[in-house]
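A structural walkthrough
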Amino acid sequence: MNLSLYLLTVLIWGTTWIALKWQLGVVAIEASIVYRFALAALVLFVLLVLSRKLQVMNRRGHLICLAQGLCLFCVNFMCFLTASQWIPSGLVAVVFSTATLWNALNARLFLGQKVARNVLMGGGLGLSGLGLLFWPELAGHTTSPHTWLGLGLALVGTMCFSAGNLLSSLQQKAGLKPLTTNAWGMAYGASMLALYCVVQGIPFDMEWNSRYIGSLLYLVIPGSVIGFTAYLTLVGRMGPERAAYCTVLFPVVALNVSALVEGYQWTAPALAGLVLVMLGNVLVFRKPRVVVPVNTFCKPKQI
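Residues numbered from 1 in each chain as written. Predicted model: local features only at pLDDT ≥ 70, side-chain atom pairs only at ≥ 80, totals over all residues. Heavy atoms only, no water.

On to helix 10 (residues 178-200), then. A rise of 1.5 Å per residue sets the reference length of helix 10, with its 23 residues, at 33 Å; its end C-alpha atoms lie 32 Å apart and thus fit the reference within 8%. Among the residues of helix 10, P178, T180, T181, N182, A183, G185, M186, G189, A190, L193, A194 and C197 are the ones counted as buried. Buried residues in helix 10 make contact with helix 3 (29-50), helix 4 (59-83), helix 9 (145-173) and helix 11 (210-238). Residue G201 follows helix 10 closely and has a positive phi angle near 75°. (Helix = DSSP H or I, 4+ residues; strand = E, 2+ residues; numbered from the N terminus. Expected span 1.5 Å × (residues − 1). Buried < 20%, exposed > 50% of the residue type's maximum accessible area, 1.4 Å probe, protein only. Contact = heavy atoms within 4.5 Å.)

Bringing the side chain of S168 into the picture now. Tracing the chain through its elements places S168 in helix 9. With sequence-adjacent residues up to four places away left out, S168 is seen in contact with Q68 and L232.

A separate point is a nonpolar patch on the surface. A cluster of nonpolar side chains, namely L39, L42, V46 and L50, defines an oily patch on the protein surface of about 380 Å² accessible area. On the secondary structure map, L42 appears in helix 3. (Patch = residues over 30% accessible without salt bridge, like charges linked within 9 Å, V, L, I, M, F, W, Y side chains within 5 Å. Areas by Shrake-Rupley, 256 points an atom, 1.4 Å probe, with all protein chains shown as cover. Salt bridge = Lys/Arg side-chain N within 4 Å of Asp/Glu carboxyl O.)

Further remarks concern the packing of aromatic side chains. Following the criterion strictly, the structure yields 14 aromatic pairs and no others. Measuring from ring centre to ring centre gives 5.4 Å for W13 and Y231, while their planes differ by 45°; the resulting arrangement is tilted. Residue W13 is located in helix 1 (residues 2-13), and its partner Y231 is located in helix 11; the two are separated by 218 residues in the primary sequence. For the pair shown, W13 and Y231 are each scored as buried. The interplanar angle of 80° and the centroid separation of 5.0 Å between the aromatic rings of F45 and W184 together place this pair among those described as edge-to-face. Taken together, the residues span a long stretch of sequence, with F45 in helix 3 and W184 in helix 10 at a distance of 139 residues. (Phe/Tyr/Trp six-rings, centres within 6.5 Å; stacked < 30°, edge-to-face > 60°.)

A word on the nonpolar core. The biggest cluster of nonpolar side chains holds 70 residues, and the ones touching the most others in it are F37, L133, M186, F228 and Y231. For this core, the leading source of residues is helix 11, giving eleven residues. Among residues more than four places away in sequence, those in contact with F228 are W13, R36, F37, L72, F73, F77, N182, M186 and G223. (Core = buried A, V, L, I, M, F, W, Y, C linked by side-chain atoms within 4.5 Å.)

A separate point is the packing of helix 1 against helix 11. At their nearest, the axes of helix 1 and helix 11 sit 9 Å apart, and the two run at 140° to each other. Between helix 1 and helix 11 lies a crossing whose hand is left-handed. Counted together, N2, L5, Y6, L8, T9, I12 and W13 of helix 1 and Y218, P222, G223, I226, G227, F228, A230, Y231, T233, L234, R237 and M238 of helix 11 form the full contact between these two elements. Considered class by class, the residues forming the contact of helix 1 with helix 11 number 13 nonpolar, five polar and one charged. (Axes fitted to C-alpha atoms, helices over the stretch in contact; angles between N-to-C directions. Left-handed = near helix turned anticlockwise from the far one by under 90°. Nonpolar A, V, L, I, M, F, W, Y, C, P; charged D, E, K, R; others polar.)

Take a look at the structure:
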């Protein structure tokens, strides 16, 4: 089950960049995000009500869902989309992939979980691999004040993503499933972003063509309903730090798709980076050795 959820998350989120690219145009980015999560929340609520699996939450559960919606389905996306205007997408991907390390650190600080050495080593290898994958893009970028602002926003977005992971983990420990918490979280996130759009005077336009509507539906169903449910289920089953290694693999899938669709050319450094990312993946998911005390085999026989 874990492997299936992991592969599903990586494949879906590794291809959503195409749909996000097709969203750019007439409709404001903020409005597109509102449409995405409002529709995803509606789909989830309908499915849960029809299947009678919508869980009842207390005030604490709703407050955590409100915070989760703000972190995962609102501020997170705004930070990354704004940062992408000033820094290369490869640099955004590298910053986002630090979620593995942030999740491990935050799980230690706030949940009291031990930080496994193999997770930290694997995360470091993955980061190094992504650096090699995007090296031409990073080396060709000229530093400016906007670069530092973009980096800061990407880091804030990553921290919000990590915080959303921990909040989901808390909800699952309280017996609430990701389907219910995602439905409420997406509804809260879309509502807060919609309020922001109203205050800022951002229009809610719509582009009625197959390209925009098709990409929106892809982001709603596979990208949000399935992708976030699969990923946050992994957070509950495997822990935030291991689940977050998905963020290192998304760009790898995206580059492979780009090679087929846009003619991306693999280089020697990029291939070396791919090897490092895969080695990091092996380290992150390697089971720690169980050391059996010697004295368990040396107990004196009872007469």
